[in-house]
Amino acid sequence: MAPAAAAGLPSAFAALNVNAKPFVPNVNAPVFVPSFLQASAVEIPVESLVPAPVENGSTEADMNTEEETWEQKEEPGGGGGGGGQEDMGPGEACEEGAARKEDEEMMMEEEEEEMPMPKVAPALPDAPKKEHVNVVFIGHVDAGKSTIGGQIMYLTGMVEKRTLEKYEREAKEKNRETWYLSWALDTNQEERDKGKTVEVGRAYFETEKKHFTILDAPGHKSFVPNMIGGASQADLAVLVISARKGEFETGFEKGGQTREHAMLAKTAGVKHLIVLVNKMDDPTVNWSLERYEECKEKLVPFLKKVGFNPKKDIHFMPCSGLTGANLKDPVSECLWYTGLPFISHLDSLPNFTRSSDGPVRLPIVDKYKDMGTVILGKLESGCISKAQQLVMMPNRHTVEVLSLLSDDVETDDASPGENLKLRLKGIEEEEILPGFILCSPDNLCHSGRTFDAQIVIIEHKSIICPGYNAVLHIHTCIEEVQITALICLVDKKTGEKSKTRPRFVKQDQVCIARLRAAGVICLETFKDFPQMGRFTLRDEGKTIAIGKVLKLVPEKD
């Protein structure tokens, strides 16, 4: 029985093969043919072709893999990658149908199942090519940061209409119907009930050229430490201000967050600032140019003082987060604004320079347990790939990367500027603290407790003397520090250093001081690695000083 069947098979199969041939070019565009012929020529010598199919699995699998690669090739080119009957004239469709019947029914089912695949697949090969940009939304409480974030996600198709309608219903029940967009980013119950962001919300959207991660920072002054963590991951800040009468003023006065956030963003290393004048659709404003200019005039001198260059680094634009006006499409009511809408403007920004060949540096923002130890952070420099050995500083644990997720999409390697989730092997979750840094083993980052830094006192009522304690925020690390010595004052205009040691410093002065942290922290000098060399000092919920690390002082044993 068996030998007879085996003898019968080759002839049957030869017939089948002949049938299959017309089928291949018909359904699949010509691109497919060379790769298929090549594959059969290279992988399967002619003699082996006859007995091989006995298992009946292998050939089919081969077909399938071919099928998939073909569809993926089609898709990015924009050709209707559906590749089914829709693309053909009726005549061709008939021929194709006939050919299909001759082919195995199985194959057809398999193919039908494959169909939906390309919707997901083609996005993946393209994803890493787009430049990653992290955008942090900052500004005073209730300026509309989360709403704008939610609106952008809706406009770029990251949130479905259905979800938003659900949010809208839920928000209506709570008499908060204007808040529904912000719920796309404010996910936990407390944030929704109060309408205030607490943690840094994360989401992403893509434009034609870039891949953006939205970091939605909290505007409330009690949560500024969270906001610093968000800003330290950003390349670009969007300062949202409310044009509504009274709201802009409170946000901008001494205690408001508009000032503090802009300054913190600058210290966190954000080079480019976009100022969105939100709520322009409000009845008290009604897209008036005067109000827009008034907000602009008040802000520019301050932003200049913080260190942004008004001509190059700052871009103003009016918008409305609730209606979505001027975020994606220009507005008819606002004829005086001639620039690009917000999303197009983001897309047209020049590329950021990042050192992909530098040593690996990944400051850790957060960590949790999930089938192992998972950490989150933004890769500041270097490249990380799967199964790479890295060292966790300052504890010098050697770890191995088990898997990499870049914006929740699994990849094999990551380049600088991407937000990553890494699953690590060789370290427990309890042994990691936010502010630790993953480094390449051949080039560890510096760590220590004592360092000299140049600091600018921004606001402090009394004087600051040696022995003063504050909280240091450097990259993602938060640690208590003490100013142990003041070394000299620096003249703001000339940059000259004083000959004598100052006994104290007061507001608006610049000095060089020696600081000592309560524990060991990772840091670099500002000259070597700016992202890990700038910091802010905070005390009693206010930002007191900003500074940069000049040199690390080795510990005396």
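For clarity, every value in this text was computed on a predicted model and none was experimentally measured. (Residues numbered from 1 in each chain as written. Predicted model: local features only at pLDDT ≥ 70, side-chain atom pairs only at ≥ 80, totals over all residues. Heavy atoms only, no water.)

Asks: Is there a simple way to think about the environment of Thr525 in this case?
Replies: For Thr525, the location among the structural elements is in the loop between strand S19 (510-522) and strand S20 (534-539). The class for Thr525 is buried, based on a relative accessible area of 11%. Spatially, the C-alpha atom of Thr525 lies 5.4 Å from that of Leu550, the residues being 25 residues apart in sequence. Separated by 3.1 Å, the side chains of Thr525 and Asp528 make a polar contact. (Helix = DSSP H or I, 4+ residues; strand = E, 2+ residues; numbered from the N terminus. Buried < 20%, exposed > 50% of the residue type's maximum accessible area, 1.4 Å probe, protein only. Polar contact = N/O pair within 3.5 Å; in protein donor to acceptor, adjacent residues only side chain to side chain.)

Asks: Help me understand the sheet that holds strand S6 (residues 314-318) in this model?
Replies: In sheet architecture, strand pairing relies on hydrogen bonds along the backbone and comes in two forms, parallel and antiparallel. Here we have 6 strands laid out as an open sheet, ordered S2-S3-S1-S4-S5-S6, and mixed in their pairing. Pairing within the sheet leaves two strands with one partner each, and these edge strands are strand S2 (201-206) and S6. If you compare each strand with its neighbour and ignore which way they point, the axes differ by 25° on average. Sheet strands in contact with helix H14 (residues 257-267) are strand S1 (131-138) and strand S4 (236-242), and its direction is about 175° off that of S4. (Pairing = 2+ DSSP bridges. Axes fitted to C-alpha atoms, helices over the stretch in contact; angles between N-to-C directions. Contact = heavy atoms within 4.5 Å.)

Asks: Would you mind going over empty space enclosed by the protein with me for this structure?
Replies: Applying the stated criterion across every chain yields a total of 3 cavities of 30 Å³ or more. Approximately 130 Å³ is the volume attributed to the largest cavity. Mapped onto the lining of the largest cavity, the elements with two or more residues apiece are H14, strand S17 (469-474) and S20. Taken together, the residues of the lining of the largest cavity break down into 7 nonpolar, 6 polar and 2 charged. (1 Å grid on protein atoms, 1.4 Å probe; cavity = no way out; pocket = protein on both sides within 12 Å on 5 of 7 lines; lining within 4 Å. Points joined across faces, edges and corners; volume = space filled by probe spheres on them. Nonpolar A, V, L, I, M, F, W, Y, C, P; charged D, E, K, R; others polar.)

Asks: Would you take a moment to explain H14 for this structure?
Replies: Two residues of an α-helix separated by three or four positions point the same way, owing to the 3.6 residues in each turn. Burial analysis of H14 places 9 of its 11 residues in the buried class, the great majority of the element. All of the buried residues in H14 are Gln257, Thr258, Glu260, His261, Ala262, Met263, Leu264, Ala265 and Thr267. Phi turns positive one or two residues past the end of H14, at Gly269, with a value near 100°.

Asks: Help me understand helix H15 (residues 289-306) in this model?
Replies: Between its terminal C-alpha atoms H15 stretches 26 Å, which fits the 26 Å expected from 18 residues at 1.5 Å a residue. Looking at H15, one finds that the buried residues are Arg291, Tyr292, Cys295, Leu299, Phe302, Leu303 and Val306. Positive backbone phi, at 125°, marks Gly307, one or two positions downstream of H15. (Expected span 1.5 Å × (residues − 1).)

Asks: Any chance you could explain the confidence of the model for the protein here in plain terms?
Replies: Any segment with low pLDDT has predicted coordinates that should not be analysed in fine detail. Summarising the model, the protein shows a mean pLDDT of 75, and 76% of its residues fall at 70 or more. Here helix H7 (residues 117-120) stands out as the least confident element of the protein, with mean pLDDT 33; strand S18 (residues 477-490) is the most confident, with 93. Note that residues 24-28 has pLDDT below 50 and, in this model, 12 contacts with residues that lie over four places away or in other chains. Overall, residues 39-128 carries pLDDT values under 50, and its contacts beyond four positions in sequence, including any with other chains, amount to 79 contacts. (pLDDT = per-residue confidence, 0-100.)

Asks: Could you clarify how one ought to interpret the nonpolar core in this entry?
Replies: As a rule of thumb, soluble globular proteins bury nonpolar side chains together. Of all hydrophobic cores here, the largest spans 74 residues; its most connected members are Phe137, Ile152, Leu239, Val275, Leu299, Leu303 and Phe342. Among all residues touching Phe137, those that are not within four sequence positions of it are Lys145, Ile148, Ile152, Ile214, Leu215, Asp216, Ala217, Val238, Val240 and Phe342. In this structure, Ile455, Ile464, Ala470 and Leu486 belong to the second largest nonpolar core, which totals 25 residues. (Core = buried A, V, L, I, M, F, W, Y, C linked by side-chain atoms within 4.5 Å.)

Asks: Teacher, can you tell me more about the pattern of salt bridges here?
Replies: Note on pairing: side chains with opposite charge can pair once their charged atoms come close. For the coordinates displayed, the defined rule picks out 20 salt bridges. A salt bridge links Lys298 to Glu294, with the shortest nitrogen-to-oxygen separation between them at 3.7 Å. Residue Lys298 and its partner Glu294 are located together in helix H15, separated by 4 residues, close to a single helical turn. Accessibility expressed as a relative area gives 34% for Lys298, which makes it partly exposed. Using a relative accessible area of 30% as the deciding quantity, one classes Glu294 as partly exposed. (Salt bridge = Lys/Arg side-chain N within 4 Å of Asp/Glu carboxyl O.)

Asks: Any chance you could explain the packing of H14 against H15 here in plain terms?
Replies: If you want to describe how two helices pack, look at the angle between their axes and the distance between the axes. Where H14 meets H15, the closest approach of the two axes is 9 Å, and the angle between their N-to-C directions is 35°. Between H14 and H15 the crossing geometry is right-handed. Contacts between H14 and H15 involve Thr258, Arg259, Ala262, Met263 and Lys266 from the former and Leu299, Phe302, Leu303 and Val306 from the latter. A per-class count over the contact of H14 with H15 returns 6 nonpolar, 1 polar and 2 charged. (Left-handed = near helix turned anticlockwise from the far one by under 90°.)

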